[in-house]
Amino acid sequence: MSEKNRAATVARHLEKSRENNEYATPYDLISSNLRTQNSKARATAVDLLVREFSLHPFDAETVARSAADLSQLKDATRTPHSRRYGQYEISFIEVDVVTWRILPSLENIRFEGERAWKSGHALRYGTPINAQPVLGLKHSDPDFVLRTLRAQTKTIWEKNPHSRSIPMRGIETPGLLSIARLSLGDNEKIGVLDATDGFSRTVGAQRGSGIDIDEVLFDLQRDATENKLRNELISLRDSGEAALESEAGEVAAARLRSSIMPRAQIIVGYRKIGLGSGDSQPPFDEVRRSLVGHIHLEPPLPFADSTENALKARIALEAVHTENMMPPVAGLSAEKVLSLLKSEIDEGAPTTGDTLIGGLHADEVLLLSQEALISPLDQKRTRVVNAAIHSLTGKKPQKPERSALAADTAMRVNRIALGQDLDPAFKGRRSTMQRVLAAPTLKHARLTRRPILEIRDAALSKLREQRDNFEDVGKEVSADAAELGVLGLYGLVEGVMSLKDGEARPLLIRSNTRINGEYMPEPQQIIEKMVTTETGLQQLAQVVLDVRGSRAPRRLIDGEIAGTDSTEDWKLLDTDDLYRYKTNWTGSHIDPSSDPHVARDLYRRQLVEGTASLKAIADHLKRIELPDGSNLIEKEGLALENEEWTILDDLAFELKTWNRTADRVAPTVAPHVEENDDEDEYDEEFLDDEDVA
């Protein structure tokens, strides 16, 4: 990029920065430490970094080239600092860093939810050298890396007012940076500092200095180009041009303000606290994710729940694997189980709903996820999961939170394997499964991978033994019945969503609606009845068989056995059939016309889901790109008929009117909690001793 174009770019971004910032920080306070570098002084700094922190010379060179002033770097190297983040202690040096050497992180936490849905294609750091504080990434397609970073930095610049303030204010709070080594296509190895904490600040600084991602990764990796930029900025500062009250002077000042991250904290060492003498340190990429989560989730920030769940689950699963506590699965190594639950196995993805990557059925993945993340009867594994999440949030997770993570993980893994996207009703189905998994009923469930009818027979046998034994007054469900319950739960909630001949809606749903003054049964109550009755166990087995066979579940009549040929008058299972398993519920068949308030709430639910679906369509449209990387909708727009506009306008007016009416008469007709609303309050019946201790 030429000098003229860079100035024009800065001028454009400076206008955006002025919208919310009247005061400009004096540029000389920030850029005063910017110095040129010569090869001899840099070599001395590299030797010192290698000697003090045992860094590889390549990575030490990355740090040295990033320093604004090599003398300051040498002093900082001799006086490192340390700080604790949850279960990790890091060592770092504080030094002014030039912002064109910082890469907006490839694993920015804000986009963790999106990465979690990209299976093995998401950009993920690894650790090139064991026990070294260095990140590594190898990717064959540099253009993909550039497109991803351009899209993410554009989103942050447009939506984050703090990022847009940098050209006027400079970076006021230092970021936490990690040494990173990249291998992109046929290019030489690239050394940069990853913005581990400081993504938005880096984006704002690079906008304010006219630097783009291409230059960070390629052009400015060359000494000659970088030295030319340093000299140019030093000239702007020392000549007084940036002090002039002119457009050119304001642009020069913005470039100088944006060129330095003062007192940046570069990680040069780490350790996990509490490891035994023979235990090895975890790889740095896992440590980095824990650090980022700890910084951003404590105190909580308004991240999307998909982002929080994906990050917490990933950190917890990696911790369980590190402690060698992954649930054993016949035919799969612990590494394969971890990769499966992180949805990072690409080979052999199915084209139907029958089996999943690794040979597991989709319903078995839910059971595996329950064992790994909820661990009702494995206190050691529970402590590992709790400790990992506690290091992120500062709070010990209760069982319902772990249940949400387990449901979210299994649903996401299976939908990715089937090529399905996150849909508007995903949260509601996850909430349904969470409620069932959090209840103590299915706590004995273990993945055995036996044939379904064999599991059913064992469950029926033990149920009859318990019923016939007058001395047995316990209420615990056998491990066989619990296993069938979890497998059937998946089929009733998520499995039916992928059936071609189904209606693409869950059969088991949450509801706080009342019929004749009595609440409709909740999912955990229905499943409890099903796993404790012979007819219920037969029906669960039939659901699993049908869903695995890509068929809508058949309703069994009393006395009918799962797996047998259906009669001529067979019917599909529906939600009302499940309500009848709660035998003390008197609501019977739901007829919306019998209660206008029930009808209103049911239609309201459809309206909420439809609105969410419409927004999802609009969001997908916004993300369509042309081959040159530009946004199609922004460039060419979207034509709609006048009739469509009229319908949308009329609906918006009606909805506003209805909402104002509801506000006037509230709370007498306040809407019921929808099935896709997650609960924050946990009932006591869902908390085991290990959760409340």
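The shown structure was predicted, so the numbers you read here are calculated from the model rather than taken from an experiment.

Trainee: Explain the overall build of the chain to me, please; I cannot follow it from the model alone.
Mentor: Along the backbone of the chain there are 28 helices and 11 strands. Relative to its full complement of 693 residues, the chain shows a buried share of 51%. With the model as given, the accessible surface of the chain reaches about 32100 Å², and the carbon-plus-sulfur share is 50%.

Trainee: Which parts of the structure should I look at to understand the pattern of salt bridges?
Mentor: Think of it this way: side chains of opposite charge can pair up when their charged atoms draw near. Using the criterion set out here, one finds 54 salt bridges in the structure. Residue E371 pairs with R446 through a salt bridge whose shortest N-O separation is 4.0 Å. Of this pair, E371 sits in helix 16 (residues 362-373) while R446 sits in the loop between helix 19 (426-438) and helix 20 (452-468), and the two are 75 residues apart along the sequence. Residue R446 is classed as partly exposed on the basis of its relative accessible area, which comes to 29%.

Trainee: Is there a simple way to explain helix 15 (residues 334-341) in this structure?
Mentor: Think of an α-helix as turning once every 3.6 residues; residues three or four places apart then point the same way. Within helix 15, the full set of buried residues consists of V337, L338, L340 and L341. All buried residues of helix 15 lie within an arc of 160° about the axis, which places them on one face of the element. On the buried face of helix 15, the contacting elements are helix 14 (305-322), helix 16 and helix 18 (399-417).

Trainee: What exactly am I supposed to notice about the packing of aromatic side chains here?
Mentor: Aromatic rings considered in pairs are described by the distance between their centres and by the relative angle of their planes. Tallied over the full model, the rule gives 3 aromatic pairs. Taken together, a centroid distance of 5.6 Å and an interplanar angle of 75° make the contact between W117 and F426 edge-to-face. Taken as a pair, W117 in the loop between helix 6 (112-116) and strand 4 (134-139) and F426 in helix 19 lie far apart in primary sequence, 309 residues in all. Neither W117 nor F426 differs from the other in exposure class; each is buried. An angle of 40° between the planes, with centres 5.2 Å apart, marks the rings of Y270 and F284 as tilted. Residue Y270 is found in strand 7 (residues 260-272), and its partner F284 is found in helix 13 (residues 284-297); the two are separated by 14 residues along the sequence. For the pair formed by Y270 and F284, the shared burial category is buried.

Trainee: When you look at unusual backbone geometry in this model, what are you seeing that I'm missing?
Mentor: Phi angles above zero are rare outside glycine, and R449 is one such case at about 65°. Considering the arrangement of structural elements, one finds R449 in the loop between helix 19 and helix 20. Overall, the relative accessible area of 31% leaves R449 in the partly exposed class. We note that S550 has phi near 60°; this positive angle belongs to a residue other than glycine. Inspection of the secondary structure assignment puts S550 in the loop between helix 23 (534-548) and strand 10 (554-555). For S550, a relative accessible area of 35% puts it in the partly exposed group.

Trainee: Before we go on, may I ask you to explain the environment of W100 in this structure?
Mentor: Along the chain, W100 turns up in the loop between strand 2 (88-98) and strand 3 (102-103). Look at W100 and you get buried, because its relative accessible area is 2%. Expressed as a C-alpha distance, the spacing of W100 and G210, which sit 110 residues apart in the sequence, is 9.6 Å. What W100 contacts, discounting residues up to four positions off in sequence, is L34, Q206, I211, V216, L220, E226, L229, R230, L233 and S259. At a separation of 3.0 Å, a polar atom in the side chain of W100 contacts the side chain of E226.

Trainee: Help me understand helix 21 (residues 479-493) in this model?
Mentor: Its 15 residues place the ends of helix 21 21 Å apart at the C-alpha level, agreeing with the 21 Å of an ideal helix rising 1.5 Å per residue. Counting buried positions over the 15 residues of helix 21 gives 14, a clear majority of the element.

Trainee: Please explain the pairing of strand 7 as it appears in this structure.
Mentor: When a strand is regular, its side chains alternate between the sheet's two faces. Burial analysis of strand 7 places 10 of its 13 residues in the buried class, the great majority of the element. Of the strand pairs in this sheet, strand 2 and strand 7 are connected by 10 bridges, and their pairing is antiparallel. Paired with I93 across the bridge in strand 7 is I266. Direction of pairing for strand 5 (residues 176-184) relative to strand 7: parallel, over a ladder of 2 bridges. Note on strand 7: the bridge partner recorded for L177 is I266.

Trainee: Just checking my understanding: could you explain the confidence of the model for the chain for this structure?
Mentor: Any segment with low pLDDT has predicted coordinates that should not be analysed in fine detail. Mean pLDDT over the chain works out to 84, with 86% of the residues at or above the 70 mark. In the model of the chain, helix 28 (residues 689-692) stands out as the element of lowest mean pLDDT, 43, in contrast to helix 4 (residues 57-66), which has the highest, 97. Scored below 50 in pLDDT, residues 347-353 shows 12 contacts in the model against residues more than four places distant or in partner chains. Every residue in residues 584-590 is under pLDDT 50, and counting partners more than four places away or in other chains gives 16 contacts.

Trainee: Where do I start with a nonpolar patch on the surface in this structure?
Mentor: Taken together, the side chains of L614, I617, L638, L640, W645 and L648 define a hydrophobic patch exposed on the protein surface, amounting to about 580 Å² of accessible area. Considering the arrangement of structural elements, one finds L638 in the loop between helix 26 (632-636) and helix 27 (642-665).

Trainee: Just to check I follow, could you spell out the environment of V547 for this structure?
Mentor: Examined against the element boundaries, V547 turns out to sit in helix 23. When its relative accessible area of 10% is taken as the criterion, V547 is described as buried. Sequence separation of V547 and G491 is 56 residues, and the distance between their C-alpha atoms is 6.1 Å. Contacts of V547, omitting those with residues within four sequence positions, involve G491, G495, V496, L499 and P553.

Trainee: Sorry, what's going on with the packing of helix 19 against helix 21 here?
Mentor: For any two helices packed against each other, the geometry comes down to the angle between their axes and how far apart the axes lie. Contact geometry for helix 19 and helix 21: axes closest at 10 Å, N-to-C directions at 160°. Considered as vectors, helix 19 and helix 21 are oriented roughly antiparallel to each other. In the crossing of helix 19 with helix 21, the sense of the turn from one axis to the other is right-handed. Between helix 19 and helix 21, the contacting residues are R429, T432, M433, V436 and L437 on the first element and V486, L489, Y490 and V493 on the second. Across the contact of helix 19 with helix 21, the residue classes tally to 7 nonpolar, 1 polar and 1 charged.

Trainee: Quick question: what am I supposed to make of the packing of helix 19 against helix 22 (residues 523-531) here?
Mentor: Their axes nearest at 8 Å, the elements helix 19 and helix 22 cross at an angle of 55°. Judged by the angle between their axes, helix 19 and helix 22 are oblique. In this structure, helix 19 meets helix 22 at a crossing whose hand is right-handed. Residues T432, R435 and V436 of helix 19 touch helix 22, and the partners they reach there are P523, Q524 and I527. Of the residues contributing to the contact of helix 19 with helix 22, the split by class is 3 nonpolar, 2 polar and 1 charged.

Definitions and cut-offs
- Residues numbered from 1 in each chain as written.
- Predicted model: local features only at pLDDT ≥ 70, side-chain atom pairs only at ≥ 80, totals over all residues.
- Heavy atoms only, no water.
- Helix = DSSP H or I, 4+ residues; strand = E, 2+ residues; numbered from the N terminus.
- Buried < 20%, exposed > 50% of the residue type's maximum accessible area, 1.4 Å probe, protein only.
- Areas by Shrake-Rupley, 256 points an atom, 1.4 Å probe, with all protein chains shown as cover.
- Salt bridge = Lys/Arg side-chain N within 4 Å of Asp/Glu carboxyl O.
- Arc of directions from axis to C-beta.
- Contact = heavy atoms within 4.5 Å.
- Phe/Tyr/Trp six-rings, centres within 6.5 Å; stacked < 30°, edge-to-face > 60°.
- Polar contact = N/O pair within 3.5 Å; in protein donor to acceptor, adjacent residues only side chain to side chain.
- Expected span 1.5 Å × (residues − 1).
- Pairing = 2+ DSSP bridges.
- pLDDT = per-residue confidence, 0-100.
- Patch = residues over 30% accessible without salt bridge, like charges linked within 9 Å, V, L, I, M, F, W, Y side chains within 5 Å.
- Axes fitted to C-alpha atoms, helices over the stretch in contact; angles between N-to-C directions.
- Parallel < 35°, antiparallel > 145°, perpendicular 65-115°, else oblique.
- Left-handed = near helix turned anticlockwise from the far one by under 90°.
- Nonpolar A, V, L, I, M, F, W, Y, C, P; charged D, E, K, R; others polar.

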